[in-house]
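Survey of secondary and tertiary structure
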Amino acid sequence: MRTFHAVDDQADIDATIGELELEDRHALRRVAGLSTELTDITEVEYRQLRLERVVLVGVWTEGTSTDADNSLIELAALAETAGSQVLEGLIQRRGRPDPATFVGRGKVDELLAVVTSTGADTVICDGELSPSQLRNLEQRVKVKVVDRTALILDIFAQHAKSKEGKAQVELAQLQYLLPRLRGWGETLSRQSGGSGRGGGAGGGVGLRGPGETKLETDRRRINVRISRLKREIKGLRVVRATKRARRNRNGVPAVAIAGYTNAGKSSLLNRLTGAGVLVEDALFATLDPTTRRARAADGRVYTLSDTVGFVRHLPHQIVEAFRSTLEEVAEADVLVHVVDGAHPDPEEQVRAVHEVLAEVGAESVPELLVVNKIDSADEETLLRLKRSWPDAVFVSARSGRGIDDLRAAVEAHLPRPAVELRVVVPYDRGELVARLHRRAKVLSTAHIAEGTALHVRVDQALAAELAPYLSA
């Protein structure tokens, strides 16, 4: 007779999921060297970025030069995650970005020279460009220009796997695209030669031609699609809220893992639960939240949920579109905030994450700070962080160092049932005893003639259910 171990088999299946997703992602990759010249668009679809050879450009308006360098280094990592080859990076010191071309006019000429000499096909700006800045810069440098927001949206579009994730990314893309229809090439706003007064190519009152009509049609199409996506995401939010309410009714505490992108959140979830979530050394490698059950040393069950990674200046379109997912963080009982200890500026990572948490109303959730990748961080950095964050837990998800301390810290932060009781549960109510072991803090157990004697700490709902079985 064969014996099946369902839990172990499921853990083995989960352990391979991430490996399969990583293999699938690497099976089809962008190939450098293909042409991506700037072309007009005749149909309004999202323009796939197709980045290959790029030059980065940033405007340093505040902070130190190290801050500016770190921001451009992060932009380079984003560009490489999107599938591009970074050729050069330029930073200009200015009080504020140029309202017409993002960088100053002299810097535009320098940028054009760099683009020409390197053979780059794309310029990526470290900021969000207005439609006019986008159009003006493209006209001056003669290649495609992409801003930080479009780059992050492109990465999200590549990595979204679930129905909810794809809908959220598409909504964010459309909301970004809508005010920029004129910026993506000139075809959309071009007037036909024979329409309107004088038959010229200019626009204006009385001169609306097929080009303007097409633009309005495209806007309507996008607005209709945005409305449909919002309804779809709202429906999925209801499903998520229903599952959350069921967990709350069952008294299952929820722990959310959040933090900067590539800080090692998925690796920690895999270490703690064997979830088998995809792990890759890339920004925003996993977008779709994963929830797994875990059991504390005292027998209590709780859930651990991985969430989308954050980044400095995370586009507001992403925050809005992923709000239903990020609400998992706001509704959690404990927030495990993962920090990359090997990053050049971990304090800035924490600040950026706290900004996003405040946007989704999660700033009041009890927080457990976890510094990951301690095997890659230098000792001086670790000593500084230990002084700054004395209550933080220092771990390595890769080697497993400190994971037991993390489990203990998570369990210590779990909400404890408020009512302490002594009860004797009849032996024919075995299911109630099992529920107490799942949901309550069982302080002691004994078997007597009348039934199972328990000393427990429970919530108000369970306390009411146990009222008939109270003992002296």
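As a starting point, this report considers the structure included with it. (Residues numbered from 1 in each chain as written. Predicted model: local features only at pLDDT ≥ 70, side-chain atom pairs only at ≥ 80, totals over all residues. Heavy atoms only, no water.)

Let's talk about the overall build of the protein
Scanning the protein from terminus to terminus reveals 15 helices and 13 strands. The proportion of buried residues among the 472 residues of the protein is 49%. For the protein, restricting intrachain contacts to residue pairs at least 6 apart in sequence, the fraction spanning at least 24 positions comes to 70%. About 22,600 Å² of surface is accessible on the protein, with carbon and sulfur atoms providing 51% of the total. (Helix = DSSP H or I, 4+ residues; strand = E, 2+ residues; numbered from the N terminus. Buried < 20%, exposed > 50% of the residue type's maximum accessible area, 1.4 Å probe, protein only. Contact = heavy atoms within 4.5 Å. Areas by Shrake-Rupley, 256 points an atom, 1.4 Å probe, with all protein chains shown as cover.)

What about the side chain of T149?
When you line up the elements, T149 lands in helix α5 (residues 148-159). According to the relative accessible area criterion, T149 is buried, its value standing at 4%. Excluding residues within four positions of it along the chain, T149 makes contact with G127, E128, Y176, P315 and Q317.

Description of the sheet that holds strand β8 (residues 334-340)
Taken in spatial order, the six strands make up an open sheet running β6-β7-β5-β8-β9-β10, and their pairing is mixed. Edge strands, defined here as strands with exactly one partner in the open sheet, are β6 (290-295) and β10 (393-394). One ladder, built from two bridges, connects strand β9 (residues 367-372) with β10; its direction is parallel. Residue pairing across strands places V371 opposite F394, the latter belonging to β10. On top of the sheet, helix α8 (residues 265-273) reaches β5 (254-259), β6, β7 (301-306), β8 and β9; it is set at about 155° to β7, its chief contact. Against the sheet, helix α11 (residues 346-359) contacts β5, β8 and β9, and its axis sits at roughly 145° relative to β8. (Pairing = 2+ DSSP bridges. Axes fitted to C-alpha atoms, helices over the stretch in contact; angles between N-to-C directions.)

Comments concerning unusual backbone geometry
Despite not being glycine, F102 shows a phi value in the positive range, around 70°. Within the secondary structure layout, F102 lies in the loop between β2 (85-93) and α3 (105-118). Of the residues examined, F102 reaches a relative accessible area of 5% and is grouped as buried. In this model, N262 sits at a positive phi of 70°, which is unusual for a non-glycine residue. With a relative accessible area of 22%, N262 lands in the partly exposed category.

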